[in-house]
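# Structural description and commentary
Spelled out from the first residue to the last, the chains are:
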Amino acid sequence: MSPNDNRIDARDGSLLAVLSVLWGGSFFFNGAALRDLPPLTLVFLRVALGAAILFPLLRMQGIGFPKGVAGWRPFVLIGLLNNVIPFSLIVIGQTFIPSGLASILNATTPLFTVVVMAAAGDETLQMRRMAGVALGLAGVIILRGWGFETRPGQGLGILLCLGGALSYAFAALAARRLLKDAAPLGTATFQLMASTVMMAAVAGAVEQPWRVPMPSLTTWLAVLGLAGLSTALAYIVFFQILRRSGASNVMLVTLLIPVTAILLGWLVLGEPISMREIAGAIVIGSALLVIDGRTLSLLRRVAERKLPVGHERSQ
């Protein structure tokens, strides 16, 4: 399927659901790990351990390293836009705002992506897709609700999370243009390796991680979940969808993340699901159908076939 089709098939739709679970867990893992770790140190551990987890798989697949500065340049750019900037902005933002609000702000990523891809001329700006994304964002707000507490610095936290969402949009554009033929495993590993070098410099200069007290076992488990599930595995899935279905489609995952988080809470923790959450999930599902467009096209064709019959009867 060409990414310009602006549609997503059943296979990538299933992968999108998997990715929503993997990335949805990152807000939980961040919240748990930030109790013992400063934000930039947490981001460094996330990308470094993620790269370490993927490296043996890379060698097993026989994928070679990029050659020279020119070979590494795309992965440095993707690492900067897809990891260093958004991870840092969002995790710092979560020190000012609750994880639930951060996930709502993260759901603005498809809006930014649709606009960025259209402005760059890589995808057509379709009003149907814009309307669908806006409807999906409304569904996220309904599902999560606005019942969050006011905290000092909340405005700054909101701006930081929105900045992270915008960075994701530019990362998708860069990956689409620079790495469209690269293997997903190689892309995921090399961008994390480049991000590790950058975050080592940033975290070392700002927070001096070697001075941080030894975190608790719970924190280490959260870091491992963040690195292994929400980073290493998630990026393999992400770049697979990106190659097949395009940037705007893969970023729809951020609309699904709050839904999967609530479903996991219900299945794993036995948390009740309210009517408001059910309504929000229905709105998000409707938005995805609008964005995809095939259901609307089918209904239009059915209506067009029925119209002449009704017209003849009226005469």
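Residues numbered from 1 in each chain as written. Predicted model: local features only at pLDDT ≥ 70, side-chain atom pairs only at ≥ 80, totals over all residues. Heavy atoms only, no water.

This part covers the overall build of the chain. A count of helices and strands for the chain gives 13 helices and zero strands. In sequence order, the chain lays out its α and β elements as α-α-α-α-α-α-α-α-α-α-α-α-α. Considering only contacts in the chain between residues 6 or more positions apart, those separated by 24 or more positions represent 90%. Total accessible area on the chain stands at roughly 14,700 Å², and carbon and sulfur atoms take up 68% of it. (Helix = DSSP H or I, 4+ residues; strand = E, 2+ residues; numbered from the N terminus. Contact = heavy atoms within 4.5 Å. Areas by Shrake-Rupley, 256 points an atom, 1.4 Å probe, with all protein chains shown as cover.)

In this section: unusual backbone geometry. Look at glutamine 208: it is not a glycine, yet its phi comes out positive at around 50 degrees. Note on placement: glutamine 208 falls in the loop between α8 (184-206) and α9 (217-245). Among the residues examined, glutamine 208 registers a relative accessible area of 30% and is labelled partly exposed. (Buried < 20%, exposed > 50% of the residue type's maximum accessible area, 1.4 Å probe, protein only.)

Along its 22 residues, helix α2 (residues 39-60) runs 33 Å from first to last C-alpha, staying within 8% of the 32 Å computed at 1.5 Å per residue. In α2, a bend of some 30 degrees at leucine 54 exceeds every other bend along the element, and proline 56, a proline, comes one to four places later. Just past α2, the residue glycine 62 takes up positive phi, approximately 70 degrees. (Expected span 1.5 Å × (residues − 1). Bend = angle between axes of the 7 residues up to and from the residue.)

So, about the side chain of asparagine 83. Note that asparagine 83 resides in helix α3 (residues 68-93). On the basis of relative accessible area, asparagine 83 is assigned to the buried category, the value being 0%. A polar side-chain atom of asparagine 83 sits 3.1 Å from a polar atom in the side chain of glutamine 191. Residues contacting asparagine 83, with those up to four places away along its chain left out, are Val47, Ile78, Ser88, Gln191, Leu192, Ser195 and Tyr235. (Polar contact = N/O pair within 3.5 Å; in protein donor to acceptor, adjacent residues only side chain to side chain.)

Moving on to the nonpolar core. Among the nonpolar cores identified, the biggest contains 75 residues, and Leu19, Trp23, Leu42, Tyr235, Phe238 and Phe239 are the most heavily contacted of them. A per-element tally of this core places α9 first, with 11 residues. Ignoring sequence-local partners within four residues, the contact set of leucine 19 consists of Gly24, Ala234, Val237, Phe238, Ile241, Val250 and Val253. (Core = buried A, V, L, I, M, F, W, Y, C linked by side-chain atoms within 4.5 Å.)

With that settled, consider helix α4 (residues 99-106). Here α4 lies mainly inside the structure; seven of its eight residues are buried. When we look at burial in α4, the residues that qualify are Gly100, Leu101, Ala102, Ser103, Ile104, Leu105 and Asn106.

This next bit is on a nonpolar patch on the surface. A surface patch of nonpolar side chains, about 720 Å² in accessible area, is lined by Leu263, Trp266, Leu267, Ile273, Met275, Ile278 and Ile282. At the level of secondary structure, the elements contributing two or more residues to the nonpolar patch comprise α11 (253-269) and α12 (275-292). With respect to the helices and strands, the residue leucine 267 is situated in helix α11. (Patch = residues over 30% accessible without salt bridge, like charges linked within 9 Å, V, L, I, M, F, W, Y side chains within 5 Å. Salt bridge = Lys/Arg side-chain N within 4 Å of Asp/Glu carboxyl O.)

Glancing now at the packing of aromatic side chains. By the definition in use, this model includes 13 aromatic pairs. Look at phenylalanine 65 and phenylalanine 190: their rings are 5.7 Å apart centre to centre, the planes differ by 40 degrees, and that puts the pair in the tilted class. Taken together, the residues phenylalanine 65 in the loop between α2 and α3 and phenylalanine 190 in helix α8 connect sequence positions 125 residues apart. By relative accessible area, which is 33% here, phenylalanine 65 ends up partly exposed. With relative accessibility at 4%, the residue phenylalanine 190 sits in the buried group. (Phe/Tyr/Trp six-rings, centres within 6.5 Å; stacked < 30°, edge-to-face > 60°.)

Inspection of the secondary structure assignment puts valine 206 in helix α8. In this structure, the C-alpha to C-alpha distance between valine 206 and threonine 41, residues 165 residues apart in sequence, is 9.2 Å.

So, about the side chain of serine 195. One can find serine 195 in helix α8. Of note is the side chain of serine 195, whose polar atom sits 2.7 Å from the backbone oxygen of glutamine 191. Ignoring any residue separated from it by four or fewer positions in sequence, one finds serine 195 in contact with Val47, Gly79, Asn83 and Val84.

The next thing to look at is the environment of alanine 183. Position of alanine 183 relative to the elements: it lies in the loop between α7 (154-178) and α8. Linking alanine 183 and isoleucine 63, residues 120 residues apart in sequence, is a C-alpha distance of 8.5 Å.

By themselves, these are just geometric observations and shouldn't be taken as functional.
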